[in-house]
Amino acid sequence: QAADSKREQFRQYLEKSGVLDMLTKVLVALYEEPEKPDSALDFLKHHLGASAHENPEIEALRLEVAEMKEKYEAVLEENKKLKTKVKVY
């Protein structure tokens, strides 16, 4: 009976933390997939990773990449203008 108690506590922990809901949603998505993927495990990994809360470090890196892309575009535009000026001289 101690094992049953531990199982129930663990199930409540998973339910409280949202793990059961997340797993259910991903499994339902797999079930409803018209063309089943070759690897159900890869499907689960992809969908759990995509729907899990983002790691703050990953989000920070995404923002940094977006900023770098903007700076890169600005530098390309400036370079283009400078090349045009050089051609004039």
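The rules behind these values
- Residues numbered from 1 in each chain as written.
- Predicted model: local features only at pLDDT ≥ 70, side-chain atom pairs only at ≥ 80, totals over all residues.
- Heavy atoms only, no water.
- Patch = residues over 30% accessible without salt bridge, like charges linked within 9 Å, V, L, I, M, F, W, Y side chains within 5 Å.
- Areas by Shrake-Rupley, 256 points an atom, 1.4 Å probe, with all protein chains shown as cover.
- Salt bridge = Lys/Arg side-chain N within 4 Å of Asp/Glu carboxyl O.
- Helix = DSSP H or I, 4+ residues; strand = E, 2+ residues; numbered from the N terminus.
- Buried < 20%, exposed > 50% of the residue type's maximum accessible area, 1.4 Å probe, protein only.
- Domains from an automatic or database assignment.
- UniProt positions renumbered as here; feature names shortened; annotations may be inferred.

Asker: I tried to follow a nonpolar patch on the surface on my own but got confused; where do I start?
Answerer: The grouping of V19, L23 and L27 at the surface amounts to a nonpolar patch, some 220 Å² of accessible area in total. You can see L23 is positioned in helix 2 (residues 19-32).

Asker: I would appreciate a short explanation of the environment of Y13 in the present structure.
Answerer: Within the secondary structure layout, Y13 lies in helix 1 (residues 2-17). For Y13, a relative accessible area of 52% corresponds to the exposed category. Taking the C-alpha atoms as reference points, Y13 and K69, separated by 56 residues in sequence, lie 42 Å from one another.

Asker: Please explain the domain arrangement of the chain as it appears in this structure.
Answerer: Note: interface size is frequently given as the accessible area lost on complex formation between the parts. By domain assignment, the chain separates into domain 1 (1-54) and domain 2 (55-88). A C-alpha centroid distance of 40 Å is found between domain 1 and domain 2.

Asker: Got a minute to help me understand the UniProt feature "coiled-coil region" (unreviewed entry) in the chain in this structure?
Answerer: Residues annotated by UniProt as "coiled-coil region" (unreviewed entry) correspond here to residues 58-85. Taken as a whole, residues 58-85 contains 100% helix and 0% strand, while its terminal C-alpha atoms sit 41 Å from one another.

Asker: Just to check I follow, could you spell out the pattern of salt bridges for this structure?
Answerer: A side chain of one charge can pair with a side chain of the opposite charge when the charged atoms of the two come close. Per the stated rule, a full pass over the model turns up three salt bridges. D4 is the salt-bridge partner of R7, the closest N and O atoms lying 2.9 Å from each other. Residue R7 and its partner D4 are located together in helix 1, separated by three residues, close to a single helical turn. What makes R7 exposed here is its relative accessible area of 56%. By relative accessible area, D4 is classed as partly exposed at 49%. Between R11 and E15 there is a salt bridge, with the nearest N and O atoms lying 2.5 Å from each other. With R11 and E15 both in helix 1 and four residues apart, the pair spans about one turn of that helix. You can call E15 partly exposed: its relative accessible area is 45%.

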